[in-house]
Amino acid sequence: MIALKLGVTSDDVKNVIIWGNHSSTQYPDVSHAKVKLQGKEVGVYDALKDDSWLKGEFITTVQQRGAAVIKARKLSSAMSAAKAICDHVRDIWFGTPEGEFVSMGIISDGNSYGVPDDLLYSFPVTIKNKTWKIVEGLTINDFSREKMDLTAKELAEEKETAFEFLSSA
């Protein structure tokens, strides 16, 4: 979506983060994303100059993408999930390029972003020698904090529900 809006290829956009759950509360964050425009790397916010779109339609569209794929294809979004798995395997196998990160659902234990431990939560990670590491030190503004907390709350509730089912089985 960012690439289309800016008239570049998706390879020209990097470091977009998906925080949290794979659901309608996931938070696509471009606060730290970069785009290559006319050979020069700039921040996505600076390139787009459309805060309203980035905090509205962009987020909503990404959050509803799975449902949109199902509606458009009249089939499961399994191929989309399969593509994501292939991308993850590629990233784990070959690592992330220097200065770039990807988003990956990992265990949240010990993170520095205030996400409760013991959740499978999507974070920005770098990968080297087939080992992932959470990207540390990214600034989190109030808007992002609210979105990140909302998706963490949903994951904690889902975890609690799952344990209730397991204990009653």
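These figures come from a predicted structure and were not determined experimentally.

**Q** With reference to specific residues and values, describe the pairing of strand S4 (residues 34-37).
**A** Strand direction decides the pairing type here: strand S1 (residues 13-14) and S4, joined by two bridges, are antiparallel. Looking at the pairing, Val-13 lines up with Val-35 of S4. As paired strands, S4 and strand S5 (residues 40-43) are joined by four bridges and run antiparallel to one another. Its bridge partner being in S5, Lys-36 is matched across the sheet by Glu-41. Taken together, S4 and the strand that follows it, S5, pair antiparallel across an intervening segment of two residues, in which Gln-38 is found at a positive phi of about 50°.

**Q** Can you tell me about the pattern of salt bridges, naming the residues and giving the values?
**A** Scanning the entire structure with this criterion turns up nine salt bridges. We note a salt bridge from Lys-14 to Glu-41, for which the minimum N-O separation is 2.9 Å. Placement of the pair is Lys-14 in strand S1 and Glu-41 in strand S5, with a sequence separation of 27 residues. Residue class for Glu-41 comes out partly exposed when judged on its relative accessible area of 46%. For Lys-153, the salt bridge goes to Glu-157, with nearest N and O atoms at 2.8 Å. Note that Lys-153 and Glu-157 are positioned in helix H7 (residues 142-168) at a spacing of four residues, about one turn of the helix. The exposure class of Glu-157 is partly exposed, given its relative accessible area of 41%. What emerges from the salt-bridge pattern is a single network uniting Lys-83, Asp-87, Arg-90 and Asp-91.

Thresholds, definitions, all that
Residues numbered from 1 in each chain as written. Predicted model: local features only at pLDDT ≥ 70, side-chain atom pairs only at ≥ 80, totals over all residues. Heavy atoms only, no water. Pairing = 2+ DSSP bridges. Helix = DSSP H or I, 4+ residues; strand = E, 2+ residues; numbered from the N terminus. Salt bridge = Lys/Arg side-chain N within 4 Å of Asp/Glu carboxyl O. Buried < 20%, exposed > 50% of the residue type's maximum accessible area, 1.4 Å probe, protein only.

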